[in-house]
Amino acid sequence: MIQQWHKVNQASPAKLQRGLDIVRIGVALIILIHPLHGYTHPANIPLFGEFLTELGYPFGTALAWLVLLVQTASSLALLINRFIVPACIGHIVVICFGLVHVHAQNGWYVVGAGQGGMEWGFILLSSLLGVMWAYWPQRDKKDK
C-alpha cells in the first residue's frame, strides 16, 4: 500500500514538462490579451501614456507603447518556447509596476471581498517565476 501511494506522488519528466508547458502557454495567452486590446483600441494608448506621465515617468506615451511591445514580444516568445527567461523577466517587470501603481491601492482581492486588487498579479508572478526557474540555465561544474 505504501509503495502504491509513493507512485501517486511521482511524475515522469514528460508529464512535468507538459505541466510546465500548460502554465507557460496559459500565462502567455492571458497576458497577450492586454496588448491586443491596446492595438485594437489605439485611443487608449495615449490615455495610458498620460497615466504614466502623471505617475512621474517621462515620455508617457512612448513608455505605454514600450509596455505593449514588451508584453507582445514576451508573450510570443513564451508561446513559441524561445527566449523563455528574458520573456519572463519582461513580463515580471511590467506586472510589478502594475501591482505597485494600480493594484496595491485596491488591496488583495480582484473580486469578492475587494475589487481590482493584487491577487491575480501575484498568480501571474508566481507562474512566471516558476517557468523562469525551470528554464534558468544551469552552470556546468567545470564553469564554477
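Everything here concerns the structure above.
Numbering of residues starts from 1 in each chain and follows the order in which that chain's sequence is written. Two thresholds apply to this predicted model, a pLDDT of at least 70 for residue-level local features and 80 or more for giving and counting side-chain atom pairs, whereas whole-chain, interface and lining totals are computed over all residues. As a rule here, side-chain values cover all heavy atoms of the structure and leave hydrogens and water aside.

### With respect to the overall build of the protein
Where helices and strands are cited, they refer to DSSP runs of H or I of at least four residues and of E of at least two residues respectively, numbered from the N terminus. Along its length, the protein carries 6 helices and 0 strands. Listed by position from the N terminus, the elements making up the protein come as α-α-α-α-α-α. Overall size of the protein, expressed as C-alpha extent along the three principal axes, is 60 × 45 × 30 Å. Each residue gets one of three labels from its accessible area relative to the maximum for its type: buried under 20%, exposed over 50%, partly exposed in between, using a 1.4 Å probe on protein chains only. Within the protein, the proportion of its 144 residues that are buried is 28%. By definition in these notes, contact holds between two residues if any of their heavy atoms fall within 4.5 Å. Nonlocal contacts in the protein, meaning residues at least 24 apart in sequence, comprise 57% of its contacts between residues at least 6 apart. Surface exposure of the protein reaches about 10,000 Å², of which carbon and sulfur atoms provide 69%. The Shrake-Rupley method, run with a 1.4 Å probe, gives the accessible areas here. Residue values count only the displayed protein chains as cover.

### Here we look at the packing of aromatic side chains
Pairing of aromatic rings covers Phe, Tyr and the six-membered ring of Trp, with a centre-to-centre limit of 6.5 Å; geometry is then stacked below 30 degrees between planes, edge-to-face above 60, and tilted otherwise. A complete count under the given rule lists 3 aromatic pairs for this structure. Ring centres of Y39 and W65 lie 6.3 Å apart, and the angle between their planes is 25°; on these two criteria the pair is classed as stacked. With a gap of 26 residues between them, Y39 in helix α2 (residues 13-40) and W65 in helix α4 (residues 60-79) connect regions that are remote in the sequence. By relative accessible area, which is 30% here, Y39 ends up partly exposed. Looking at W65, the relative accessible area reads 37%, which means it is partly exposed. A centroid spacing of 5.2 Å and a plane angle of 45° characterise the contact between W108 and F122, whose relative ring orientation is tilted. Of the two residues, W108 is situated in the loop between α5 (84-103) and α6 (119-135) and F122 in helix α6; the sequence distance between them amounts to 14 residues.

### With respect to the packing of helix α3 (residues 44-54) against α4
Each axis is a line fitted through C-alpha atoms, taken for helices only over the stretch in contact, and angles between the N-to-C directions span 0 to 180 degrees. Viewed as axis vectors pointing N to C, α3 and α4 meet at an angle of 115°, and their least axial separation amounts to 7 Å. Put simply, α3 runs roughly perpendicular to α4. For α3 against α4, the interelement crossing comes out right-handed. Residue-level inspection shows I45, P46, F48, G49, L52 and T53 of α3 in contact with α4, the latter providing G60, T61, L63, A64, W65, V67 and L68. Any angle that is under 35 degrees is reported as roughly parallel, and any over 145 degrees as roughly antiparallel; angles of 65 to 115 degrees are reported as roughly perpendicular and all others as oblique. A clockwise turn of the near helix away from the far one marks a right-handed crossing, whereas an anticlockwise turn of less than a right angle marks a left-handed crossing.

### Here's the deal with the environment of Q115
Within the fold, Q115 resides in the loop between α5 and α6. Its relative accessible area of 66% is what places Q115 among the exposed residues. Sequence separation between Q115 and H103 is 12 residues; the distance between their C-alpha atoms is 9.1 Å.

### Points about the nonpolar core
Take the buried residues of types Ala, Val, Leu, Ile, Met, Phe, Trp, Tyr and Cys, join any two whose side-chain atoms come within 4.5 Å, and each joined set is a nonpolar core. In this structure, I31, L78, C88, I92, I95 and L128 are the most contacted members of the largest nonpolar core, which totals 19 residues. Among the elements of the structure, α2, α4, α5 and α6 are those that each provide at least two residues to this core. With 7 residues, α5 is the single largest residue contributor to this core.

### Comments concerning the pattern of salt bridges
Within this document, salt bridges are pairs made up of a side-chain nitrogen of Lys or Arg and a carboxyl oxygen of Asp or Glu, the two lying within 4 Å of each other. On inspection of all chains with the given rule, the structure shows 2 salt bridges. For D21, the salt bridge identified is with R18, shortest N-O distance 2.4 Å. Here D21 pairs with R18, and both are found in helix α2, just 3 residues apart, close to one helical turn. With a closest N to O distance of 3.1 Å, R24 and D21 form a salt bridge. Here D21 and R24 lie together in helix α2, a separation of 3 residues that amounts to about one turn. Per residue, the accessibility class of R24 equals that of D21, and both read buried.

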